[in-house]
2 protein chains.
Amino acid sequence: MTHPPHPLGRLAALRAELACLGVDAFLVPRGDAFLGEYVSPSAERLAWLSGFTGSAGLALVLRERAVIFIDGRYTTQAEAECDPATWERHHLIEHPPATFLKECAPGLRLGYDPWLHTEASLARLTDAGALLVPLADNPIDRLWHDRPAPPAAPAEAHALAFAGEASSAKRAAAAAVLRQEGQRAALLADPHSVAWLFNLRGRDLAYTPLLLARALLRDDASAVLFLHPDRADAGLLAHLGPEVALHPPDSMAEILAGCTGWPVRIDPDLTPAALAVLLREAGATPVPGDDPCRLPRACKNAVEQNGARAAHHRDALALVRFLAWFAERAPQGGLGEVSAAVHLLDLRAEAPEFVSESFPAISGAGPNGAIIHYRATAATDRPIGAEEAYLIDSGAQYRDGTTDVTRTLWTGPGAAPEDLRARYTMVLRGHLTLSALRFPAGIAGPHMDALARAPLWQAGLDYDHGTGHGIGSFLSVHEGPAGISRAAKPVPFKPGMIVSNEPGFYLPGAYGIRIENLLLVSAAALCPGQTKPFLEFETLTLAPYARALIDAAALSPAERRQVDSYHARVLAALAPKLPADAVAWLARECAPL
Amino acid sequence: MTHPPHPLGRLAALRAELACLGVDAFLVPRGDAFLGEYVSPSAERLAWLSGFTGSAGLALVLRERAVIFIDGRYTTQAEAECDPATWERHHLIEHPPATFLKECAPGLRLGYDPWLHTEASLARLTDAGALLVPLADNPIDRLWHDRPAPPAAPAEAHALAFAGEASSAKRAAAAAVLRQEGQRAALLADPHSVAWLFNLRGRDLAYTPLLLARALLRDDASAVLFLHPDRADAGLLAHLGPEVALHPPDSMAEILAGCTGWPVRIDPDLTPAALAVLLREAGATPVPGDDPCRLPRACKNAVEQNGARAAHHRDALALVRFLAWFAERAPQGGLGEVSAAVHLLDLRAEAPEFVSESFPAISGAGPNGAIIHYRATAATDRPIGAEEAYLIDSGAQYRDGTTDVTRTLWTGPGAAPEDLRARYTMVLRGHLTLSALRFPAGIAGPHMDALARAPLWQAGLDYDHGTGHGIGSFLSVHEGPAGISRAAKPVPFKPGMIVSNEPGFYLPGAYGIRIENLLLVSAAALCPGQTKPFLEFETLTLAPYARALIDAAALSPAERRQVDSYHARVLAALAPKLPADAVAWLARECAPL
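Residues numbered from 1 in each chain as written. Chains lettered and ligands numbered in written order. Predicted model: local features only at pLDDT ≥ 70, side-chain atom pairs only at ≥ 80, totals over all residues. Heavy atoms only, no water.

Undergrad: Just checking my understanding: could you explain the interface of chain B and chain A for this structure?
TA: Interface size, as often reported, equals the accessible area lost upon joining of the parts. On the chain A side, the residues contacting the 23 residues of chain B number 23 residues. Area buried by chain B at its contact with chain A is led by B:His447, B:Trp457 and B:Gln458, which between them contribute 24% of it. Notably, a salt bridge pairs A:Asp462 with B:Lys532, separated by 3.1 Å at the nearest N-O pair. Where chain B packs against chain A, one counts six residue pairs in polar contact (both at pLDDT 80 or more). For the side of chain B that touches chain A, the elements supplying multiple residues, two or more each, are β23 (438-440) and α17 (445-458) of chain B. With seven residues, α17(B) is the single largest residue contributor to the side of chain B that touches chain A. Among the residues forming the side of chain B that touches chain A, the class breakdown is 15 nonpolar, four polar and four charged. (Contact = heavy atoms within 4.5 Å. Buried area = accessible area lost by both parts, 1.4 Å probe. Salt bridge = Lys/Arg side-chain N within 4 Å of Asp/Glu carboxyl O. Polar contact = N/O pair within 3.5 Å; in protein donor to acceptor, adjacent residues only side chain to side chain. Helix = DSSP H or I, 4+ residues; strand = E, 2+ residues; numbered from the N terminus. Nonpolar A, V, L, I, M, F, W, Y, C, P; charged D, E, K, R; others polar.)

Undergrad: Looking at this structure, how should I read the relation of the copies chain B and chain A?
TA: Both copies of the chain are related through a single rotation about an axis accompanied by a shift along the same axis. Superposing chain B onto chain A takes a rotation of 180° plus a shift of 0.0 Å along the axis, which leaves an RMSD of 0.1 Å. These values place the two chain copies in the arrangement generated by a two-fold rotation axis. Distance from the rotation axis, computed per C-alpha, reaches its smallest value in chain B at B:His447: 2.5 Å. A share of 100% of interface residues in chain B that are also interface residues in chain A marks the association as one of identical surfaces. (Least-squares fit on C-alpha atoms with pLDDT ≥ 70 in both.)

Undergrad: I'm lost on the environment of B:Val427 in this one. Help?
TA: Residue and element names in this part refer to chain B. With respect to the helices, strands and loops of the structure, valine 427 is situated in helix α16 (residues 418-435). Between the C-alpha atoms of valine 427 and threonine 86, which are 341 residues apart in sequence, the distance is 42 Å. Apart from the residues lying within four places of it in its own chain, the contact partners of valine 427 are Leu456, Pro503, Gly504, Phe505, Ile513 and Ile515.

Undergrad: What is the right way to look at helix α12 (residues 273-281) of chain B in this model?
TA: A turn of α-helix holds 3.6 residues, and therefore any two residues three or four places apart point the same way. Residue and element names in this part refer to chain B. All buried positions along α12 are accounted for by Ala273, Ala274, Leu275, Ala276, Leu278 and Leu279. Buried residues along α12 sit against α5 (119-127), β8 (185-188), β10 (214-218), α11 (252-256), β13 (263-266) and β14 (285-288). Looking one or two residues beyond α12, the residue adopting positive phi is glycine 283, at roughly 85°. (Buried < 20%, exposed > 50% of the residue type's maximum accessible area, 1.4 Å probe, protein only.)

Undergrad: Explanation requested: the pairing of strand β17 (residues 362-365) of chain A in the structure shown.
TA: Residue and element names in this part refer to chain A. Burial along β17 is two-sided: the residues Ile362 and Gly364 and Ser363 and Ala365 are all buried. In the sheet, β17 pairs with strand β19 (residues 389-394) via four bridges, with the strands oriented antiparallel. By the bridge assignment for β19, glycine 364 is matched with leucine 391. (Pairing = 2+ DSSP bridges.)

Undergrad: Is there a simple way to think about the packing of aromatic side chains in this case?
TA: A ring pair, where both rings are aromatic, is described by two values, the distance of the centres and the angle of the planes. In total, this model carries 26 aromatic pairs over all chains according to the counting rule given. With centroids separated by 5.2 Å and ring planes inclined at 45°, the aromatic side chains of B:Phe439 and B:Phe537 adopt a geometry described as tilted. Taken together, the positions of B:Phe439 in strand β23 and B:Phe537 in strand β30 (residues 534-539) put the pair 98 residues apart, joining distant regions of the chain. The pair B:Phe439 / B:Phe537 is uniform in exposure class, with both members buried. An aromatic cluster is present here, built from A:Phe322, A:Trp325, A:Phe326 and A:Tyr390 joined pairwise through their rings. Its end group placed over the ring of A:Tyr398, A:Arg314 keeps NZ or CZ at 5.0 Å from the ring centre. Note that B:Arg453 overlies the ring of B:Tyr463, its terminal NZ or CZ placed 3.9 Å from the centroid. (Phe/Tyr/Trp six-rings, centres within 6.5 Å; stacked < 30°, edge-to-face > 60°. Lys NZ or Arg CZ within 6 Å of the ring centre and 35° of its normal.)

Undergrad: Just checking my understanding: could you explain the nonpolar core for this structure?
TA: One broad trend across soluble globular proteins is that nonpolar side chains are buried collectively. Counting residues in each nonpolar core, the largest one holds 166 residues, and the members touching the most others are A:Phe322, A:Met448, A:Phe493, B:Phe322, B:Met448 and B:Phe493. Among all residues touching B:Met448, those that are not within four sequence positions of it are B:Leu434, B:Leu437, B:Phe439, B:Ile443, B:Ile484, B:Phe493 and B:Phe537. (Core = buried A, V, L, I, M, F, W, Y, C linked by side-chain atoms within 4.5 Å.)

Undergrad: What should I look at first to understand the pattern of salt bridges in this one?
TA: Oppositely charged side chains can pair when the atoms bearing their charge come close. According to the stated counting rule, one finds 64 salt bridges over all chains in the structure shown. For A:Arg63, the salt bridge is made with A:Asp24, and the minimal N-O distance between the two is 2.8 Å. Separated by 39 residues along the polypeptide, A:Arg63 in the loop between β2 (58-62) and β3 (66-70) and A:Asp24 in the loop between α1 (8-21) and β1 (25-29) bring together distant segments of the chain. Judged by relative accessible area, A:Asp24 falls into the partly exposed class, the value being 22%. Here A:Asp449 makes a salt bridge to A:Arg486, at a shortest N to O gap of 3.4 Å. Taken together, the residues span a long stretch of sequence, with A:Asp449 in helix α17 (residues 445-458) and A:Arg486 in the loop between β25 (479-484) and β26 (498-501) at a distance of 37 residues. Residue class for A:Asp449 comes out buried when judged on its relative accessible area of 0%. Here the salt bridges do not stand alone but share partners, grouping A:Asp449, A:Arg453, A:Asp462, A:Arg486 and B:Lys532 into one network.

Undergrad: Could you clarify how one ought to interpret the sheet that holds β10(B) in this entry?
TA: Through backbone hydrogen bonds, the strands of a sheet pair up, either in parallel or in antiparallel fashion. Residue and element names in this part refer to chain B. Ordered by their spatial adjacency, six strands build an open sheet running β12-β11-β10-β8-β13-β14, and the pairing between neighbours is mixed. For this open sheet the edge positions go to β12 (244-247) and β14, each flanked by a neighbour on one side alone. Neighbour to neighbour, the strand axes of the sheet diverge by 25° on average, direction disregarded. Taken together, the four bridges between β8 and β10 define a ladder with antiparallel strand orientation. Bridging from a neighbouring strand, alanine 186 pairs with leucine 217 of β10. (Axes fitted to C-alpha atoms, helices over the stretch in contact; angles between N-to-C directions.)

Undergrad: How do you make sense of the environment of B:Glu165 when you look at a structure like this?
TA: All names here are of chain B. Among the secondary structure elements, glutamate 165 is positioned in the loop between α7 (160-163) and α8 (167-180). Between the C-alpha atoms of glutamate 165 and glycine 182, which are 17 residues apart in sequence, the distance is 25 Å. Setting aside residues no more than four positions away along its own chain, glutamate 165 makes contact with Leu160, Lys170, Asn199 and Asn301.

Shown next, in the form of structure tokens:
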């Protein structure tokens, strides 16, 4: 896919289509019919139309105007990628499409592709006064002549040795929930749930081992998987078993006709409007409710937990080899952001269990580290200079687990400036508080977000992103429902959840600091005489903090002990499997503060 | 009012009334038509019927059964006060009336007094399958022959010297909000808003200087105050001014007839169903929205802030005299919970500005301190023994401000046991963290609740109440909308809000610990180079922590400095106005740790 620098021709062609269809305007979200974070090249309609390649955004094409809505992360990128003479830019959150429509274009006939929006998101536009017109076919698809083919690689079984629980048992438990709530079936619109429920994986997306498929789970634990039969071989059919019928996606209306008169659960946040319409046309009653796989998927079972430990150990071996290499090479200068990230990828890829990166690595030197969602490209690639801060946020997909880790480094050879060390140490203190936290059952991420920020807050500083997100088990690196952010829904932590702990601090134009480990939620021992269950975190990530950036005098004795004890654990776990030069570096880095 | 030990006669009489009215059951909440925390004796219908005198509860009277719903605070008290042969007890939160009705008595005709419930609370019962029948007159009132007269004391002007802003200015600002949101008027059902908006106070309740009155505020800033004209003298009419018309409460329907066709804002959480019905009958459209006075009332202006400082200084002089007296007398034994609380009240009452206590003092020795809402009475009064913990939570109403303070003391003469000191110190550390917190604008109480709990959590301990509540300015000791609790709505803190900081720990059967100061939210100085506004707290309460209970070795150097600095401030502020013996005690207590 290429993005021509002047997409005016495409816009004009789209406007002509819209006129034929009798609508005044059209919505082009960045997203596909599966509403996930990553999309396949065949669904990059927003990039095709506007040139914008960020991970979140929405275009509104009117007769005389073309508007792109993006959030604060992408202001600069949208300015560079979308011709300002053609595209107006608005803030997706502060001045969203509903507000824009109300103020600037009330009462127009607004076309949309019902596969790319939830009913809730459409309702906001109706409330704003637009007359919404669903279009049976997306007009962009008719114009996009060199559109890549949609993903069609074979589905893969996710072996019980990694999944830890058979699909039949998962389906039985989810079906029991449906029966308890009086629903005859659930329509699973989210491929993550399909992957988890049937122990399936795929290669439809670059960073998440997903199969873009949906399913219907009935209250007797039988199910229909909507997937083209070409994508399932005999082995896969055997894996699915006799209770799971395979039907092509275009047979969905036919299959749903068997649900006439049924209450069918759909998750309103994860289900495209088109699916809700299909259900109603089939005579079923859509019942809004949480995706029944979402919470059990987040609570990793014992096999998945052990897989996560193994994956993190393996990942740490690659990362520490990278860090030792970096420590030796960086003071001489000459490294680049792209080449450093590629070297880390190469080291990870040496492991036979490696499948892919879990997201595009963020490799930011000096001021680029302050761009929270920076992605180094040939165009932006910056030499990593001596005596500057370097931020590397990366992760991998292994069959037994997904990793995500951030370290901020000092290239040397001279000492880091005092203000950088002071701020790194504040970030570290928040990170340590969260890692060591014990808390009663019932506590959720929004309640503990402040603990990671308090040391920065005391200095009048903060960071403009959440503190942590859930992570899948050989699934998405961003997984709900629990997260550590004030904006997140307060979903209480449960044993087996894996969540990131990644406070940061960013000084625009100068440097970025972020320290990220993954934490596994586990039950804590009860205090004598107390009966209320408590939880605590087990740190999965094994990599030293940046010794050159720690101001040990600003840590309390307990914090120093915590760092020393973590470093001792890292050294003991990794040294036996590392080459001698990496061990030597790691031993120095992990010596008591 | 007396509560006969066997209220069976009253229940039987009520059932006969209900049969005549054609209903199967009747709801008797603890609360009056103003839906506040405190009620006048004339509205203590639940106590009259059941004997239960707690501050929260609800009775459901059926033909054959009588059920009282109470929360965890009142289990023991309800058992003692309500004849168990007559009254079944259920948990108000865990097994609420709606659940009970669904399970045990579906489909019955349930009578209710529409002045005592919000429409939202009634909707939950309808959802549970009850057929709700509003009763024009409360049947209890017809049976309660010696019912006290409703409050009728004169309304009092709250002088500008205390209120800091004229009613006309407050009304103009609130009316501007109504105009902006397209509402023609707001019906103010909450007497706290009426008191604030018109700068009025009264003596209708024992602990809150309220006038039980409602008002209609129009979008042109004119208003109607619903209050019997007998309660307003010429001075008060002059205070109200020409834009505020006075009408008796029973003329409300007549006045609301002037709102025909208007959208009229009502706060669904604060408005009895009867008022919403009146509005609809008048042809107006009730529009749900926050009470427009709630947020501005919570943000105290500069005059109110200075009033709060003066009130707390005055209150602290009484409290420190009490503490010095207690320190001398307690080791000898012979003090009682009631007499100690009375002595503190007497000391407070010496100040000419003293109006009343702000709530019934909680004076709990040893195990009674572990009862979170304990109220010492002649029946429960416990001698305060030597060498035990004593908890005193009390406050006062002064014209310039409302106070609320808790200290936990050790009676001596011997040293406090190590476990008590350890836990007191954990509670103190949480309290200190919150007091010293700086935080960005936008942060709300639910986000910081964990900061006060973390030291206890690390030891597997917790407390079963919120960390803090808002406080009025010569108004209610519990004032919304902001509070520090996970359960509270996340209302961001604003400069001028006053909130309590009161973590605790309770060991049933042994002791209770709670440390409470009031905090005033204020703008913090910006960090150089940062533009995001930050807030911080100014501690209003001036009283030493219990030196005998602090384990200084468990405090960090920063925490020790914080205690020393607070104690130095307390000593400097109070010593000039205290008698010599109290100064001597205070100086010892406030010496650096």
